[in-house]
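Each chain, written out:
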Amino acid sequence: GAGVSQSPSNKVTEKGKDVELRCDPISGHTALYWYRQSLGQGLEFLIYFQGNSAPDKSGLPSDRFSAERTGGSVSTLTIQRTQQEDSAVYLCASSLTAIANYGYTFGSGTRLTVV
Amino acid sequence: AQTVTQSQPEMSVQEAETVTLSCTYDTSESDYYLFWYKQPPSRQMILVIRQEAYKQQNATENRFSVNFQKAAKSFSLKISDSQLGDAAMYFCALKIQGAQKLVFGQGTRLTINP
């Protein structure tokens, strides 16, 4: 597509439920990133995918968080047993290559609210 | 480890005036890239300007320019002739050559007063 597409745009869920957030990167971009933006905070790195290589999961805050990228394109971030502290905007970005010296292209994010 | 600090949580400026947003960073690497991103209420992060650390010349994009002081590890953004559409959160970011991740600052919320 023309840009990075994320869905849903907003999600309200009850504490303890599982949620799935979707990211569709720009066609041909091999690198895909997930960041979390909590209220009043900067962007916190979560996970990075590059082609068929093993993902860099070093930013995932707990084992309740997981992500996959199917066919080198669409990615899904899953949060199990959601907690109120998981409330944040989850941003996805992609770049043409892993080098990304020209920065990323971001989606508009998913605002997750855990009640 | 790399860190990026934006010491101004909020800034405001009158329309048509000039405003400077501050950013400092810390890294032991010598080859890196610096970015300013704008995040309007739509939430989509938009790249405003980019600077390569090995270039001494400050980057400029229309009304946006940077003051890059490598020795001081400072990377401020100047917005000239501020417009209402410039109102947004602005994030400073650092990427080390060879690394994949961008490291972001906490952001500065810029308000433009008509």
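The text that follows walks through the structure, step by step, so that each part is easy to find. Keep in mind that this is a model prediction, so the values were computed, not measured. (Residues numbered from 1 in each chain as written. Chains lettered and ligands numbered in written order. Predicted model: local features only at pLDDT ≥ 70, side-chain atom pairs only at ≥ 80, totals over all residues. Heavy atoms only, no water.)

1. Side note on the pattern of salt bridges
Residues and elements named next belong to chain B. Inclusion rule: When a carboxyl oxygen of Asp or Glu is within 4 Å of a side-chain nitrogen of Lys or Arg, the pair counts as a salt bridge. Helical segments are the DSSP runs of H or I of at least four residues, strand segments are the runs of E of at least two, and each set is numbered from the N terminus. Throughout this description, buried means an accessible area under 20% of the type-specific maximum (1.4 Å probe, protein chains only), exposed means over 50%, and partly exposed covers the range between.
Under the counting rule described, the total for this entry stands at seven salt bridges over all chains. Among the salt bridges present, the one from Asp-26 reaches Lys-73, with a minimum N-O distance of 3.4 Å. Residue Asp-26 is found in strand 4 (residues 24-26), and its partner Lys-73 is found in the loop between strand 8 (64-69) and strand 9 (74-79); the two are separated by 47 residues along the sequence. By relative accessible area, Asp-26 is classed as partly exposed at 40%. With a closest N to O distance of 2.8 Å, Arg-63 and Asp-86 form a salt bridge. A residue pair is termed long-range when its members are at least 10 positions apart, and Arg-63 in the loop between strand 7 (60-61) and strand 8 and Asp-86 in the loop between strand 9 and strand 10 (88-96) qualify at 23 residues.

2. Quick word on the packing of aromatic side chains
Short version of the rule: What counts as a ring pair is set by centres within 6.5 Å for rings of Phe, Tyr and Trp (its six-membered ring), and what kind of pair is set by the plane angle: stacked under 30 degrees, edge-to-face over 60, tilted for all other angles. Only when the NZ of Lys or the CZ of Arg is both within 6 Å of the ring centre and within 35 degrees of the ring normal is a charge said to sit over the ring.
Considering all chains together, one arrives at 14 aromatic pairs over all chains under this definition. Between Phe-68 of chain B and Phe-75 of chain B, the ring centres sit 6.3 Å apart and the planes meet at 80 degrees, which makes this aromatic pair edge-to-face. The burial state of Phe-68 of chain B is the same as that of Phe-75 of chain B; both residues are buried. Put simply, the rings of Tyr-33, Tyr-35, Phe-45, Tyr-48, Tyr-104 and Phe-106 of chain A together with Phe-35, Tyr-37 and Phe-104 of chain B pair up and form one aromatic cluster. Over the ring of Tyr-102 of chain A we find Arg-50 of chain B, and its NZ or CZ is 3.8 Å from the ring centre.

3. A word on the pairing of strand 5 (residues 43-50) of chain A
Each regular strand carries side chains that alternate between the two faces of the sheet. Residue and element names in this part refer to chain A. Worth spelling out the cut-off: Pairing between two strands requires that DSSP report at least two bridges joining them.
Of all eight residues in strand 5, seven are buried; the element is thus mostly enclosed. In this sheet, strand 5 lies alongside strand 4 (residues 31-37) in antiparallel orientation, the contact comprising seven bridges. Residue pairing across strands places Tyr-33 opposite Tyr-48, the latter belonging to strand 5.

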